[in-house]
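# Examination of the molecular architecture
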Amino acid sequence: MAHSANLITTDDLARQLGAPALRVFDCTTYLKPGPDGRYIAESGRANYDKGHIPGAAYLDLQADLSDKNSKLRFTLPSLEDLTKAFAAKGVGHGTFVVLYSHASPVWASRIWWMLRAVGFDEVAILDGGLDKWKAEGRPLSTEPVTHPPATLSLRGRPEIFVDKDAIKGAIGDASTLTLNALSHDQHNGAGGVVYGRPGRIAGSSCVPAASLFGPDKALKPIAELRAAFEGVGAAPDKRVLVYCGGGIAATLDAFVLTALLGHRNVSVYDNSMQEWANDPALPMEVG
């Protein structure tokens with residue numbers, strides 16, 4: 001398995017449960033295909049209520065940590081608003097945060113990337129998430145948890161999220177790699193959920209987020225992860241801009257590149273294909 005200060009094993013978390021400074025959060029959202037072929041986003045709170053890691057609170061990405069004024073889904077709020085929202089949920093100076101999700105690690109990595117954007121680094125993702133925890137027969141709780149509000153004042157990293165202009169400017173730039181975290185079928189315009197026009201951002205390569213973890217939802221060994229990114233030319237000296245459908249799956253590619261492979265110049269295109277594919281002025285490719 002992969003090792004990093006930003007990745008915690010189920011064994012390590014089990015040993016730390018109950019520690020005064022520990023703040024555990026279930027970050028799950030579910031995306032379900034709708035009748036029009038697009039996704040419907042569903043809160044993971046009902047599943048949290050049925051059973052979560054003891055001591056874990058629930059973070060609702062859509063309701064509490066997204067820009068309510070955006071027409072697009074999951075758009076990043078201002079870093080000031082985001083910092084306040086995290087502090088209200090109990091993330092603060094002197095706390096150690098562990099994030100997990102169910103069915104896919106991308107929800108935990110989205111929150112990890114957002115915490116990184118506000119400048120908070122004392123945070124790890126639970127490798128394998130709730131799936132691995134349950135498969136190992138570890139305890140669950142149905143008792144709802146709310147962490148006390150905390151104080152949080154940090155220097156943010158606004159540059160780790162980019163907009164469509166940065167992506168447009170990177171087309172044809174040999175020093176920048178634009179990377180799609182959706183499936184190869186979606187990348188090629190051959191199938192899967194579409195967000196508007198099928199296909200990919202012109203000139204982009206593809207490392208699907210879903211290819212980075214195994215059936216147990218734990219990340220693949222570091223050598224396999226490194227090979228996947230080296231295979232598309234993601235060299236450590238290159239700027240890497242990652243996108244997906246709505247800025248969620250892209251954060252798992254970004255997490256692996258940053259936290260596990262040591263890349264220092266990685267950004268996520270926040271609104272991704274839900275914005276790009278619906279603007280006919282922005283160049284796309286298929287095949």
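Report on the accompanying structure. Here the structure is a predicted model, which is why all the values come from computation and not from measurement.

For isoleucine 40, the location among the structural elements is in strand E4 (residues 39-43). Owing to a relative accessible area of 45%, isoleucine 40 belongs among the partly exposed residues under this scheme. Note: C-alpha distance between isoleucine 40 and tyrosine 30 (10 residues apart in sequence) is 8.1 Å. Here isoleucine 40 is in contact with Tyr30, Leu31, Lys32, Gly34, Pro35 and Arg73, once residues within four sequence places are set aside.

Across the two faces of strand E7 (residues 123-126) the burial is the same, with Val123 and Ile125 and Ala124 and Leu126 all buried. Inspection of the sheet shows strand E1 (residues 7-8) paired to E7 by two bridges, in the parallel sense. Among the inter-strand pairings, leucine 7 is bridged to a residue of E7, identified as isoleucine 125. In this sheet, E7 lies alongside strand E6 (residues 96-100) in parallel orientation, the contact comprising three bridges. Paired with leucine 99 across the bridge in E7 is isoleucine 125. In this view, the connection linking E6 to its parallel neighbour E7 by way of helix H5 (residues 106-118) has right-handed handedness.

Turning our attention to the state of the cysteines. Simply put, the disulfide is a covalent bond whose two ends are the sulfur atoms of two cysteines. Going through the model one piece at a time under the given rule, you end up with zero disulfides. Unpaired in terms of disulfides, cysteine 27 finds its nearest cysteine sulfur in cysteine 244, a separation of 16 Å. Looking at cysteine 206, it has no disulfide partner, and the nearest cysteine sulfur is the one in cysteine 244, 11 Å off.

Here we come to the pairing of E6. Looking along a regular strand, one sees side chains alternate from face to face of the sheet. Among the five residues that make up E6, four are buried, leaving the element largely enclosed by the rest of the structure. When strand E2 (residues 22-26) meets E6, the two strands line up parallel, connected through five bridges. The residue bridging phenylalanine 25 from the neighbouring strand is leucine 99, located in E6.

Read across the open sheet, the five strands follow the order E8-E13-E12-E9-E11; overall the sheet is parallel. Both outer strands of the open sheet, strand E8 (161-162) and strand E11 (205-206), are each paired with one neighbouring strand and no more. Both E8 and strand E13 (residues 266-269) contribute to a ladder of two bridges, which runs parallel. Across the sheet, phenylalanine 161 pairs through a bridge with valine 268, a residue of E13.

Because each turn of an α-helix spans 3.6 residues, side chains separated by three or four positions in sequence point in the same direction. Burial within helix H10 (residues 250-260) is extensive, with 11 of its 11 residues counted as buried. Those residues of H10 that sit buried are Ala250, Thr251, Leu252, Asp253, Ala254, Phe255, Val256, Leu257, Thr258, Ala259 and Leu260. Looking one or two places after H10, you find glycine 262, whose phi comes out positive at around 80°.

Another point: the sheet that holds E1. Reading across from one edge, E1-E7-E6-E2-E5 is the order of the five strands in this open sheet, with parallel pairing throughout. The open sheet has two free edges, formed respectively by E1 and strand E5 (56-58), since each of these has just one partner strand.

A separate point is the nonpolar core. Burial of nonpolar side chains together is a common tendency in soluble globular proteins. If you look at the biggest cluster of nonpolar residues, it comprises 75 residues, and the most contacted ones within it are Phe86, Leu99, Ile111 and Leu219. If you tally residues by element for this core, the top one is H5, at 10 residues. With sequence-adjacent residues up to four places away left out, leucine 219 is seen in contact with Leu7, Asp127, Leu212, Phe213, Leu225, Leu252, Phe255, Val256 and Leu260.

About the thresholds
Each chain carries its own residue numbering, running from 1 in the written order of its sequence. Restriction of local features to residues with pLDDT of at least 70 applies here, the model being predicted, together with a cutoff of 80 or more for giving and counting side-chain atom pairs; totals for whole chains, interfaces and linings are based on all residues. For the side-chain quantities, the full set of heavy atoms in the structure was used; hydrogens and water were omitted. A run of H or I in DSSP counts as a helix once it spans at least four residues, and a run of E counts as a strand once it spans at least two, with each numbered from the N terminus. Relative accessibility under 20% of the residue-type maximum defines a buried residue, over 50% an exposed one, and the middle range a partly exposed one, all with a 1.4 Å probe and only protein chains included. Only heavy atoms matter for contacts: two residues are in contact if any of them lie within 4.5 Å across the pair. In short, DSSP must find at least two bridges between two strands for them to pair. A crossover counts as right-handed when, viewed with the strands pointing away from the observer, the path leading from the first strand over the helix to the second turns clockwise. Note that a disulfide, as used here, is simply two cysteine sulfur atoms within 2.5 Å. Definition used in this section: a nonpolar core is a set of buried Ala, Val, Leu, Ile, Met, Phe, Trp, Tyr and Cys residues joined via side-chain atoms within 4.5 Å.

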